[in-house]
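The primary structure of each chain is shown beneath.
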Amino acid sequence: MHLYTHLMCRRWLVSTLRGHGGHFRSFSVSASRRTVMPAWVIDKYGKNDVLRFTKNAALPIIHYPNEVIVKVHAAGINPIDISMRGGYGAATMAMKRDPLNMNQSGSEFPLILGRDVSGVIMECGLDVNYFKPGDQVWAAIPPWKQGSLAEFVVLSANEVSHKPKSLSHVEASAIPYVAATAWSSIVNTGGLNKDNSAKKRVLILGGSGGVGTFAIQMVKAWGAHVTVTCSQNAERLVRDLGADDVVDYTAGPVEKQLQTLQKFDLILDNIGGETEKWALGLLKPWNGAKYVTLVTPFLHNTDLLGLADGMMQSGVTIAKKVLKHLRKGVHYRWGFFAPSGPTLDDISEMVDAGKIRPVVEEVFSFAQVPQAFQKVEEGHARGKTVVTITKDQED
């Protein structure tokens with residue numbers, strides 16, 4: 001079935017391209033004749049020295065009729081990539097890749113990292129109607145799938161979206177993963193959207209990184225009042241993005257500075273750790289106010305205890321915290337990344353309308369992937385780190 005689907009898709013692509021004056025586009029011929037591609041892979045978990053460049057990574061193929069193959073033009077690097085390089089979440093990802101546990105341990109290798117992609121559709125499965133070869137697209141790649149630090153990547157069509165027309169591939173690759181994470185946390189979990197955010201007070205703890213710089217712009221575009229914590233040298237950046245109040249965490253205890261401000265309707269916590277102890281006291285009590293943290297023990301628990309026990313431990317932990325804070329009239333929630341093409345469609349419209357812009361801190365070449373990882377690992381981000389995979393006229 002899978003091979004048949006793939007052959008039919010190739011046949012459809014060939015007939016389509018023959019329709020263009022009887023000539024093949026060169027990219028189709030080269031892709032269809034090859035079985036390998038250049039990529040950065042890891043063969044085991046560890047530090048930066050486990051990253052390996054190869055010209056012989058397996059070329060992805062379409063297994064399901066709703067899949068597309070994307071030629072990668074640019075890829076974004078996120079902190080999750082650093083964590084996954086070290087094995088974080090390996091137990092949960094193995095379950096997602098192999099739900100029936102049929103493969104041997106370590107079958108995920110060689111593993112390609114990279115969660116953001118901007119590129120061009122090369123091939124489509126038989127059930128794909130919304131896209132066609134040649135379309136410029138962007139996507140946030142789920143962590144259990146092979147990533148974008150390669151020439152090609154295969155994705156479900158419902159994870160892909162037409163990229164904003166106003167952005168280059170490099171700019172576009174800075175947005176999808178942080179956008180999907182921020183949207184999931186603020187909209188799905190936090191309950192804010194374009195229709196109910198006017199005059200709401202939002203606090204973003206750790207506002208100068210990828211998720212923070214996106215979240216500031218999104219809730220600001222929806223009419224919210226935005227307060228951000230960051231270091232002094234990031235203040236100008238977050239103000240330019242729309243932050244109303246900026247609290248410098250290097251100028252004394254940040255909780256004391258925040259306690260002098262009006263209370264908040266939503267807190268998005270990118271920092272975790274000690275912040276949980278005091279942040280919920282900044283919410284408006286008995287008013288539906290929510291604290292959403294992106295720093296959760298879920299994957300750590302499943303890595304440590306195995307899937308079943310890890311999920312049970314996580315359930316116990318969050319239930320205790322939810323009940324504890326509910327007694328004080330505020331809501332405690334965990335935020336997670338959720339891949340969604342339709343969400344990226346909405347964000348693409350916001351970008352092309354000038355409401356959201358990419359924040360690219362540094363761009364590396366495909367040969368410099370280890371340096372890009374090093375940069376992200378150092379922390380103190382001012383936006384996103386991007387890798388160019390395919391050099392083209394557009395960028």
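All of these numbers come straight from a predicted model, not from anything done at the bench.

Draft legend 1. Representation of the sheet that holds strand S13 (residues 331-334) within the structure. With parallel pairing, the 6 strands of this open sheet are ordered in space as S10-S9-S8-S11-S12-S13. Edge strands, defined here as strands with exactly one partner in the open sheet, are strand S10 (245-248) and S13. Each strand axis lies, on average, 15° off the axis of its neighbour in the sheet, ignoring direction. The pairing of strand S8 (residues 201-205) with strand S11 (residues 266-269) spans 4 bridges and is classified as parallel. In the strand pairing of S11, Leu205 is matched with Asp269.

Draft legend 2. Seen up close, the packing of aromatic side chains. Within this structure, the stated rule accounts for 9 aromatic pairs. Residues Phe53 and Phe366 carry aromatic rings whose centres are separated by 5.8 Å and whose planes lie at 85° to one another, so their mutual orientation is edge-to-face. In this pair, Phe53 sits in strand S2 (residues 51-58) while Phe366 sits in the loop between strand S14 (360-365) and helix H14 (369-377), placing the two residues 313 residues apart along the sequence. Its relative accessible area of 37% is what places Phe53 among the partly exposed residues. Judged by centre distance (4.4 Å) and plane angle (20°), the ring pair of Tyr177 and Phe337 falls under stacked. Highlighted residues: Tyr177 in helix H6 (residues 176-189) and Phe337 in the loop between S13 and helix H13 (341-352), separated in sequence by 160 residues. Here Phe337 falls in the buried class, since its relative accessible area comes to 16%. An aromatic cluster of at least three residues, connected via ring pairs, comprises Trp40, Phe53 and Phe366. We note Lys96 situated over the ring of Trp144; from NZ or CZ to the ring centre the distance is 4.4 Å.

Draft legend 3. Spotlight on the confidence of the model for the protein chain. Averaged over all residues, the pLDDT of the protein chain equals 90, while 91% of them reach at least 70. The low-confidence segment residues 3-31, where pLDDT is below 50, has 35 contacts with residues more than four positions distant or belonging to other chains.

Draft legend 4. Molecular detail of the nonpolar core. By size, the foremost hydrophobic cluster in this structure holds 50 residues, and its most contacted members are Val68, Val117, Leu149, Val369, Phe373 and Val387. For this core, the element with the most residues is strand S3 (residues 67-77), which contributes 6 residues. Setting aside residues up to four positions removed in sequence, Val369 forms contacts with Trp40, Leu51, Leu149 and Val387. If you look at the next biggest cluster of nonpolar residues, it comprises 39 residues, including Ala172, Ile175, Val219 and Cys230.

Draft legend 5. Geometry of the packing of helix H11 (residues 298-305) against helix H12 (residues 307-326). The interhelical angle for the contact between H11 and H12, taken along N-to-C directions, is 140°, at an axis separation of 7 Å. Looking at the two axes, H11 sits oblique to H12. In the crossing of H11 with H12, the sense of the turn from one axis to the other is right-handed. Residue-level contacts link Phe298, Asn301, Thr302 and Leu305 of H11 to Leu307, Asp309, Gly310, Met311, Gln313 and Ser314 of H12. Class assignment for the residues of the contact of H11 with H12 results in 4 nonpolar, 5 polar and 1 charged.

What counts and what doesn't
- Residues numbered from 1 in each chain as written.
- Predicted model: local features only at pLDDT ≥ 70, side-chain atom pairs only at ≥ 80, totals over all residues.
- Heavy atoms only, no water.
- Pairing = 2+ DSSP bridges.
- Helix = DSSP H or I, 4+ residues; strand = E, 2+ residues; numbered from the N terminus.
- Axes fitted to C-alpha atoms, helices over the stretch in contact; angles between N-to-C directions.
- Phe/Tyr/Trp six-rings, centres within 6.5 Å; stacked < 30°, edge-to-face > 60°.
- Buried < 20%, exposed > 50% of the residue type's maximum accessible area, 1.4 Å probe, protein only.
- Lys NZ or Arg CZ within 6 Å of the ring centre and 35° of its normal.
- pLDDT = per-residue confidence, 0-100.
- Contact = heavy atoms within 4.5 Å.
- Core = buried A, V, L, I, M, F, W, Y, C linked by side-chain atoms within 4.5 Å.
- Parallel < 35°, antiparallel > 145°, perpendicular 65-115°, else oblique.
- Left-handed = near helix turned anticlockwise from the far one by under 90°.
- Nonpolar A, V, L, I, M, F, W, Y, C, P; charged D, E, K, R; others polar.

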